[in-house]
Amino acid sequence: MKADQDALLSERKGLTAIPAEPATGNGEATMPLKAEAAWYKTAEARAVADSIVSYQTPAGGWGKNQPYNVPPRQKGQAYVGGNEGRSDDPANFDRPLIDKWSYVGTTDNGATITEIRYLARVAAQNPAEATPYQNSIVRGIEYLLAAQFPNGGWPQVWPLQGGYHDMVTLNDNAMEGVISLMRDAGAGKGDFAFLPDTLKARARAAEQAGLKALLAGQVVIDGKLTLWPQQYDPLTGQPTSARNYEPPSLSSTESAGILMYLMQRPDPSPEVVAAVRAGVAMLKQLQINGYVFKRVEGDDGRRLHAQADAPPLWSRYYDMKTFKPIFSDRSKQIFDTVDDVSAGRRNGYAWFSTSPQKAIAAYEAWRTKHPEAQ
């Protein structure tokens, strides 16, 4: 972190004015990964790629929520914009630990992962101009390899920022995104065919270590495998908190993403089969039927409302003893009903989701290919 900070300070020496902070917003929207191949040859696509390269931190990562349909980073400009914490309260888990130096290199909200994948698309379609993009990709993969913990997991922010950012982070599918990228980089096909063989081998090893960490992170209760937490301590392996309203618990949404990754493995080991089978069984057990989470006239915020034709629904969090849905707020209080959460936090957070149904549906097809999963 000090090396990154020193690099920025070095750039600013002699400047009469420090450039304005970078733009913030929906960064992923500026890096489409599913456009037609021809689009990545356009000047528009290459301009985005040039901007991405310019905002890469000295360590090799990128910040989150960074739009790249903007001019390249200026000398002395911050690597990440709008990265201050939202609270100065010392009791708030999301308080800023370093002023104006948060998420400078992260996998949160798809950061770094999306930048690398986008650059790989552009490089593949522009072979004559690919070198700067390929060099940036290699630096990005090296960054992720350096960020991996000895237990195989990845933190949310690296260089380590402190607080919950240092935990092994499954939240918002961060680790799933990294390990899937390592899988694809290690295979060295398509957009990643250019990678050096030594780097491909290291990516494959990182994926294997990450897989081991995922299997170890599946919470065991009363001797049985259940689901995964949003984050866990890299030293103790125990589920832990993130933001004030994200308590240690079983997380249905993150678990569904991990199950999807595990089911994509071509030759699942007995350990993977057991993890998938237990995880899907738990999702089936926890699903909520006949309700939707929405706001209707007269409500002060979103609530559960009965609806006979509603698709299966899951709470984001489940208590690790009772398996009942739990909810929280910035006060860190734990509630057993979402109605007790303040209206602002109730509206501003995904307390319920239908996404685990995708994992259940995928399992029904997966189990026919793997009789041992029956």
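Look above for the structure.
Throughout what follows, the structure given in this document is the object of discussion.

Basis of the calculations
- Residues numbered from 1 in each chain as written.
- Predicted model: local features only at pLDDT ≥ 70, side-chain atom pairs only at ≥ 80, totals over all residues.
- Heavy atoms only, no water.
- Axes fitted to C-alpha atoms, helices over the stretch in contact; angles between N-to-C directions.
- Helix = DSSP H or I, 4+ residues; strand = E, 2+ residues; numbered from the N terminus.
- Parallel < 35°, antiparallel > 145°, perpendicular 65-115°, else oblique.
- Left-handed = near helix turned anticlockwise from the far one by under 90°.
- Contact = heavy atoms within 4.5 Å.
- Nonpolar A, V, L, I, M, F, W, Y, C, P; charged D, E, K, R; others polar.
- Phe/Tyr/Trp six-rings, centres within 6.5 Å; stacked < 30°, edge-to-face > 60°.
- Buried < 20%, exposed > 50% of the residue type's maximum accessible area, 1.4 Å probe, protein only.
- Lys NZ or Arg CZ within 6 Å of the ring centre and 35° of its normal.

Considering the packing of helix H7 (residues 252–263) against helix H10 (residues 356–369)
Part 1 of the argument: Relative to each other, H7 and H10 sit at 25 degrees, their axes nearing to 8 Å. In terms of orientation, H7 and H10 fall into the roughly parallel class. Between H7 and H10 lies a crossing whose hand is left-handed. From H7, Ser252, Ala256, Leu259, Met260 and Met263 reach across to H10, where they touch Pro356, Lys358, Ala359, Ala362, Tyr363 and Trp366.
Part 2 of the argument: Class assignment of the residues belonging to the contact of H7 with H10 gives a composition of nine nonpolar, one polar and one charged.

Re the packing of aromatic side chains
Part 1 of the argument: All told, the structure shown has 14 aromatic pairs when counted by the stated rule.
Part 2 of the argument: On the numbers, 5.3 Å between centres and 80 degrees between planes, the contact of Trp39 with Tyr40 is edge-to-face.
Part 3 of the argument: Judged by its relative accessible area of 2%, Tyr40 falls in the buried class.
Part 4 of the argument: Measuring from ring centre to ring centre gives 5.6 Å for Tyr143 and Trp158, while their planes differ by 65 degrees; the resulting arrangement is edge-to-face. Taken as a pair, Tyr143 in helix H4 (residues 131–147) and Trp158 in the loop between H4 and strand E1 (168–169) lie far apart in primary sequence, 15 residues in all.
Part 5 of the argument: On the basis of relative accessible area, Tyr143 is assigned to the buried category, the value being 2%.
Part 6 of the argument: Trp158 sits in the partly exposed class, given a relative accessible area of 24%.
Part 7 of the argument: Counting every residue linked through ring pairs, the aromatic cluster contains Tyr245, Phe293, Tyr317, Phe327, Tyr349, Trp351 and Phe352.
Part 8 of the argument: Just above the ring of Phe93 sits the side chain of Lys332; from NZ or CZ to the centre is 3.9 Å.
Part 9 of the argument: Its end group placed over the ring of Tyr245, Arg345 keeps NZ or CZ at 4.3 Å from the ring centre.

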